[in-house]
Amino acid sequence: MSYQHLKDRSYYEEMYDRHTVERCRWHEDPRPLSDEEKDAREGLTSGQIQWARDLASDWLLFQLVGDRWLQRDKSIDESMERDRQRDAMLARAQKPLMRCPKCSRVMECVYTHINFDIDNSKREWVEFFIACKTCKESKTVHENGQEIPDRPSLCIKCNKTVESSTKKKGSKEYFVDTCKHCGHVEETMSVLDREKKDPTPEEIEKFEYDKKRFCLSSAQGERYKLWVDGMKRMGEEKKEQEANTEYYDKLADVKKINIAGLEKLLKAAIKKTDYVDLHISMQPPDRRIILNFSVRDTQEKRQEYDSRKTLEKIIEKVLEDKNWSLMSEGVSYRLGFLSGRIRGYESEQDLQELTKSRMKKNGKHVKVTNSKSRKYASMLRDDIVL
Ligand SMILES: [Zn+2]
Ligand SMILES: [Zn+2]
C-alpha cells in the first residue's frame, strides 16, 4: 500500500486559491503602527503615517493579487509534476527482501512512502515499513535494506525518552506516551479519528467573498498582465529617451569641417607631440570618403607601441566632435613612419550613424522609436476591483 500523490487539477487549483486568500487576508489585517514607523517620519501625525502606510499596503496587495494570478498555472503545473514524479518513484521502488529476526520468514511490506530532507526538500527517497505479523516485529528500511532507526519520542515535560503505546477510547484510537522519568502521560487522538470541523456558513460566505476579490478571473488577470507589460515597457522607454536626449545633443554638436580644416587642426595637434610631415591623400571616392594620412615621429627613443597609441589618442581627441573619425584598424607603424585612414561623414544620415557608433562605444545604445506603450500607463488599477 502506498499513498497516491497525484490528484485532479481541481485539487491543486483549490489549494492555490486558498493560499492566495490566506496571504491576502494577512496583508489586509489591520496592524498598529510600530515605534520604528512612528519615529521614521518626523513631523507627520499618526493619521498621516497611517494613511501613507495604507496606501503602500494597498499597492502591495494589488501586485500580490496580480502576481498570484500570473504564477497560478505554472505553479500548479509544477506541483502536479512533482507529485507525478513521486508516484513514479514509488512505482519504480523495489521492496527489499528482509527476513523476520525471530521466525526467519520473509517480512511483508505494509506501507511505502516518500520521505524528504528537512534542509533540502528536493532530496527525496522511498521508505518501506515492513512487518512480520506473527511475531509483531516491524521496521522501516531503505530500498537497499538498510534500516532507518525510529526517532524516539521525547517527553514534553522533562525531554527524556518516553514509552509509546496505543489505546482505544470508544471508537477512537489514541497514541499514549508515558514518561518513566517524571510520570507524565500524553494522549493524542489519531489524525484519522479527529473530527474535521466543517466551516460555518459565515466562514464559507466570507471565503467566497474574499476569493472573488483576491483570485482574479482570466479577464482581470489579462488586464493585469497588460499593465505589467506596459510598466516594463515604460521603464525601457525612459532609459531609451535618456539615451536619445544625449544622442540628439551630441548630433547637434558635431562640427562639419572640410579636408582643409581637418588638415589644419591635425597639423597643429601632432606638432605639439613631435610628429611632423603630415601628408594626406584621398582614396578614389566612392560612397564613402576615406583619407590616407602619414606622419613621421621625431622622437628617437619613442617605441612602436607608445608612438602608435600617442598618435591615435591625439587624432581621436581632435576628431571627437567633428564629422571625421579614425578608422577602426587604428594607426600602423614602421621605423617611426606612421600611417592610417580617416573617414569623413557627409550626409545627415552619415552623421547620425557616426553619433550612434560613438555612443555605442560608451555603452549607450540609441534606438529611435515611436512608442505606443505609454497608453498603458493610463490603465487604472481600479479596473481590478479589490
Ligand atoms: Zn516472525
Ligand atoms: Zn517526563
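Residues numbered from 1 in each chain as written. Chains lettered and ligands numbered in written order. Predicted model: local features only at pLDDT ≥ 70, side-chain atom pairs only at ≥ 80, totals over all residues.

A. Just the overall build of the chain, in detail. Helix and strand counts for the chain stand at nine helices and 12 strands. On C-alpha atoms alone, the chain measures out to a radius of gyration of 39 Å, which is more than a quarter above the 21 Å that the 2.2 N^0.38 rule sets for 386 residues. Counting only C-alpha atoms and orienting by the principal axes, one finds that the chain spans roughly 110 × 60 × 45 Å. Taken across its 386 residues, the chain has 11% of its residues classed as buried. Look at the contacts in the chain between residues 6 or more apart in sequence, and 55% of them connect residues 24 or more apart. (Helix = DSSP H or I, 4+ residues; strand = E, 2+ residues; numbered from the N terminus. Rg over C-alpha atoms; globule rule 2.2 N^0.38 Å. Buried ≥ 20, exposed ≤ 12 C-beta atoms within 10 Å, placed from the backbone. Contact = placed C-beta atoms within 7 Å.)

B. How the structure looks around the nonpolar core. Core analysis: the largest hydrophobic core is formed by 14 residues, its most contacted members being Val295, Leu311 and Leu338. For this core, the secondary-structure elements that each account for two or more residues are α6 (259–271), β9 (289–297), α7 (304–319) and β12 (337–344). Sequence-distant contacts of Val295, defined by excluding residues within four places in its chain, comprise Ile270, Tyr275, Val276, Asp277, Leu278, Leu311 and Leu338. With nine residues, the next largest nonpolar core counts Val21, Trp69, Phe214 and Tyr224 among its residues. (Core = buried A, V, L, I, M, F, W, Y, C linked by C-beta atoms within 7 Å.)

C. Here's a closer look at helix α8 (residues 348–361). With 14 residues, α8 should reach 20 Å at 1.5 Å per residue; the first-to-last C-alpha distance of 20 Å fits that figure. Gly363, located one to two residues past α8, shows a positive phi value of around 80°. (Expected span 1.5 Å × (residues − 1).)

D. Structural detail: the domain arrangement of the chain. For the chain, the assigned domains are domain 1 (1–92) and domain 2 (217–386). Centre-to-centre, using C-alpha coordinates, domain 1 lies 49 Å away from domain 2. Looking at the side of domain 1 that touches domain 2, its residues break down into five nonpolar, one polar and no charged. (Domains from an automatic or database assignment. Nonpolar A, V, L, I, M, F, W, Y, C, P; charged D, E, K, R; others polar.)

E. Local environment of the sheet that holds strand β3 (residues 137–141). Overall, antiparallel pairing links the four strands, which are arranged β1-β2-β3-β4 in an open sheet. A single partner strand is all that each edge strand has here, and the edge strands are β1 (108–116) and β4 (147–148). Note: β3 against β4, two bridges, orientation antiparallel. From the neighbouring strand, Thr140 faces β4, where its bridge partner is Ile148. Sitting on the sheet, helix α3 (residues 46–92) touches β1 and β2 (124–132), and the angle it makes with β1 is about 145°. (Pairing = 2+ DSSP bridges. Axes fitted to C-alpha atoms, helices over the stretch in contact; angles between N-to-C directions.)

F. Quick look at the confidence of the model for the chain. Summary statistics for the chain give a mean pLDDT of 87 and a share of 94% for residues scoring 70 or more. Note on residues 370–386: pLDDT is under 50 here. Beyond four places in sequence and across chains, it has 24 contacts. (pLDDT = per-residue confidence, 0-100.)

G. Quick peek at the sheet that holds strand β5 (residues 163–169). If you walk across this open sheet you meet the three strands as β5-β6-β7, and the pairing is antiparallel. In this open sheet, the two strands that pair with only one neighbour each are β5 and β7 (185–189). For this sheet, the mean angle separating the axes of adjacent strands, direction not counted, is 25°. With five bridges connecting them, strand β6 (residues 172–178) and β7 associate as antiparallel partners. Within β7, the residue paired with Phe175 across the bridge is Thr188.

H. Inspection of α7 at higher detail. End to end, α7 covers 23 Å across 16 residues, agreeing with the expected 22 Å (1.5 Å per residue, within 8%). The inward-facing, buried residues of α7 abut α6, β8 (275–282), β9, β10 (324–326), β11 (332–334) and β12.

I. Quick look at the packing of α6 against α7. Closest axis-to-axis distance for the α6/α7 pair is 10 Å, and the angle between their directions is 140°. With respect to each other, α6 and α7 are oriented oblique. Considering the relative orientation of α6 and α7, their crossing is right-handed. The residues of α7 that touch α6, namely those facing Leu265, Leu266, Ala269 and Ile270, are Ile314, Ile315 and Val318. Looking at the contact of α6 with α7 residue by residue, the class counts come to seven nonpolar, no polar and no charged. (Parallel < 35°, antiparallel > 145°, perpendicular 65-115°, else oblique. Left-handed = near helix turned anticlockwise from the far one by under 90°.)

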